[in-house]
Amino acid sequence: MQEQYFAYISKVGDSFPIDNQILVATKTNDRRIERECKETEIKIQVKYCGLSKLDYQVRKGIFPLWNHNSFNQQCIIPGYEVCGQILNIGNKVNSKMFSIGDLVIGFLPVQTIIENNLIFNNEISNDTFLLSDNNVDELNGGCSNECISEAHYFLKIPSDMSLIKSASCIFSGIRAYITLFNKTQIKRGDTICIMKGAHWEQTYLLQLAILKCNCQVITTVTTDEEINFLRMIQSKLNSKLSNSLIINGNSMNTSNLHQLTILDLRQYENMEQFQKAIFKETSGLGVDVFICSDYLPIISSNNNNNSNLLTTALNVIKSNGTLVCYDFNNQLTEQHFNQMFRKSINLANILEQSYVQHPHTIGIYLHTLKEIVKDINDELIEVPIGHCFPLNSIQEAHKKVESSLQQNSNLIGKIMIKI
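All figures in this text were calculated on a predicted structure; none of them were measured in a lab.

## Observations regarding unusual backbone geometry
Okay, step 1: One non-glycine residue, Lys196, lies in positive phi territory at about 55 degrees.
Okay, step 2: Along the chain, Lys196 turns up in the loop between β11 (191–194) and α6 (200–211).
Okay, step 3: On the basis of relative accessibility, which here comes to 7%, the residue Lys196 falls in the buried class.
Okay, step 4: One non-glycine residue with positive phi stands out, namely Glu379, at about 55 degrees.
Okay, step 5: Among the secondary structure elements, Glu379 is positioned in the loop between α11 (362–377) and β19 (385–390).
Okay, step 6: For Glu379, a relative accessible area of 59% gives the class exposed.

## Remarks on the nonpolar core
Okay, step 1: In this structure, Phe154, Ile192, Tyr204, Leu206 and Ile417 are the most contacted members of the largest nonpolar core, which totals 96 residues.
Okay, step 2: Of the residues forming this core, the biggest block, eight residues, is contributed by α6.
Okay, step 3: When neighbours within four sequence positions are excluded, Tyr204 is seen to be in contact with Cys169, Ser172, Gly173, Ala176, Tyr177, Glu371, Ile372, Asp375, Ile376, Ile381 and Val383.
Okay, step 4: One finds Met195, Phe290, Leu310 and Ala313 within the second-largest nonpolar core, a separate group that totals 24 residues.

## Quick look at the sheet that holds strand β12 (residues 216–221)
Okay, step 1: Ordered in space as β15-β12-β11-β16-β17-β18, the six strands form an open sheet in which the pairing is parallel. The two strands at the open ends of the sheet, each matched to only one other strand, are β15 (260–264) and β18 (346–349). Here the average twist between neighbouring strands, direction ignored, is 20 degrees.

## Description of the side chain of Asp264
Okay, step 1: For Asp264, the location among the structural elements is in strand β15.
Okay, step 2: Those residues in contact with Asp264, other than ones at most four positions away along the chain, are Val221, Thr222 and Ile227.

## Observations regarding the packing of aromatic side chains
Okay, step 1: Applying the stated rule across the entire model yields five aromatic pairs.
Okay, step 2: Aromatic side chains Tyr153 and Tyr365 sit 6.5 Å apart centroid to centroid with 75 degrees between the ring planes, which places their arrangement in the edge-to-face category. A residue pair is termed long-range when its members are at least 10 positions apart, and Tyr153 in the loop between β9 (146–150) and β10 (154–156) and Tyr365 in helix α11 qualify at 212 residues.
Okay, step 3: Judged by its relative accessible area of 10%, Tyr153 falls in the buried class.
Okay, step 4: Tyr365 sits in the buried class, given a relative accessible area of 2%.
Okay, step 5: Note on Tyr177 and Phe181: the rings are 5.6 Å apart at their centroids and 40 degrees apart in plane angle, and the pair reads as tilted. In this pair, Tyr177 and Phe181 both sit in helix α5 (residues 170–183), four residues apart, roughly one turn of the helix.

## Some points on the pattern of salt bridges
Okay, step 1: Following the criterion strictly, the structure yields 16 salt bridges and no others.
Okay, step 2: We note a salt bridge from Lys196 to Glu226, for which the minimum N-O separation is 3.0 Å. Of this pair, Lys196 sits in the loop between β11 and α6 while Glu226 is found in helix α7 (residues 224–242), placing the two residues 30 residues apart along the sequence.
Okay, step 3: The class for Glu226 is buried, based on a relative accessible area of 2%.
Okay, step 4: For Lys212, the salt bridge identified is with Asp375, shortest N-O distance 3.2 Å. Here Asp375 lies in helix α11 and Lys212 lies in the loop between α6 and β12, a separation of 163 residues in the sequence.
Okay, step 5: We classify Asp375 as buried; its relative accessible area is 2%.

## So, the environment of Trp200
Okay, step 1: On the secondary structure map, Trp200 appears in helix α6.
Okay, step 2: The contact partners of Trp200, leaving out residues within four places of it in the chain, are Leu51, Ser52, Phe171, Ser172, Val383, Ile412, Gly413 and Lys414.

## As for the pairing of β12
Okay, step 1: Of all six residues in β12, six are buried, a share of seventy percent or more.
Okay, step 2: Residues Gln216, Ile218 and Thr220 line one face of β12 and the alternating positions Val217, Thr219 and Val221 line the opposite face, and both faces are buried.
Okay, step 3: As defined by bridge partners, β11 adjoins β12 across four bridges and the pair is classed as parallel. From the neighbouring strand, Ile194 faces β12, where its bridge partner is Thr219.
Okay, step 4: Crossover handedness for the path β11 to α6 to β12: right-handed.
Okay, step 5: Where β12 lies against β15, five bridges are found, and the strand directions are parallel. If you follow Val221 over to β15, its bridge partner there is Asp264.

Cut-off values and rules
- Residues numbered from 1 in each chain as written.
- Predicted model: local features only at pLDDT ≥ 70, side-chain atom pairs only at ≥ 80, totals over all residues.
- Heavy atoms only, no water.
- Helix = DSSP H or I, 4+ residues; strand = E, 2+ residues; numbered from the N terminus.
- Buried < 20%, exposed > 50% of the residue type's maximum accessible area, 1.4 Å probe, protein only.
- Core = buried A, V, L, I, M, F, W, Y, C linked by side-chain atoms within 4.5 Å.
- Contact = heavy atoms within 4.5 Å.
- Pairing = 2+ DSSP bridges.
- Axes fitted to C-alpha atoms, helices over the stretch in contact; angles between N-to-C directions.
- Phe/Tyr/Trp six-rings, centres within 6.5 Å; stacked < 30°, edge-to-face > 60°.
- Salt bridge = Lys/Arg side-chain N within 4 Å of Asp/Glu carboxyl O.
- Right-handed = clockwise from strand over helix to strand, strands pointing away.

Here you go:
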């Protein structure tokens, strides 16, 4: 009988060392956890699982949709971006959509992982993995050699498509499409400022804005590694456009190609200088959309750096433009809202989870997933792989994810787990 192995978070919170917080368990024969597919579910043999900010938030207990105190006696199997092969399907799953043996990619909602957690008796270790009788068959999560999901969270992919590239683009692809086409209704030729564009969560967005919207993109960097990476991306984008790449059925006019502008934040002593640089690049007009990163830029040591960035963003956004936030829109002050009202600036808050929580948004999610598959299969978008760890090195993988969220991080690529 096949060995069953998975990683688990034994204690949720920010006061535990990663090496003691994330462990790997193995179960064989009569100790296996068996769970059959429900009628609308599929069982997947996981090949690759991508790690992201969500894994960090869940492990630290700061995921915004739940209170970790209610889960402090439970084990959570992490992993949300999954690529693998179907092992079994429920009897009500559409056979025209899925068959045993199909390769699929998809996104496991965090709330599904948490609902299907495991409850421990007392002691947790690799040698004595003690489970209570409650929910013993509810093992689920991407950092496992098997996971189970509602079929509508997954999509079949071509058999010759790169599995690791597929899994690396799920989170960033969902973010990019939701931001550009569902939240901002961006128009061809608009000007966008994307903070921290070389970070893997923003890289997809940056390329999508240029290739599918023909936008002028201004982005920021804080390290030489980011500059070199974005110059490589810029070269590839120019090559694709100069070869008359067909976008949405139309041949692009390469004589009107908008260049990617890279602003090095190390050159500016304060936000006012950064603001002047944006106006200079836009001939004083400002930007149509300003997309804040999850991670603060390094310009000053001011504790109000969030608020300063938002003030700068609102200053450079045109009237009727859009401010896009991911995490820190709670830093918006009354002064910010007054400025937004005067300039008719729209506020878009992006929570990737929102499109997989309610049945009426699943259609949008699946449409987005289809676009991501097409982008990757056509080699339109490039999201770099920073590191790929085996499952038994998941602690090192989580350390890399955590370090990538720091202000001074020079880590560009996506962190992956190979199961």
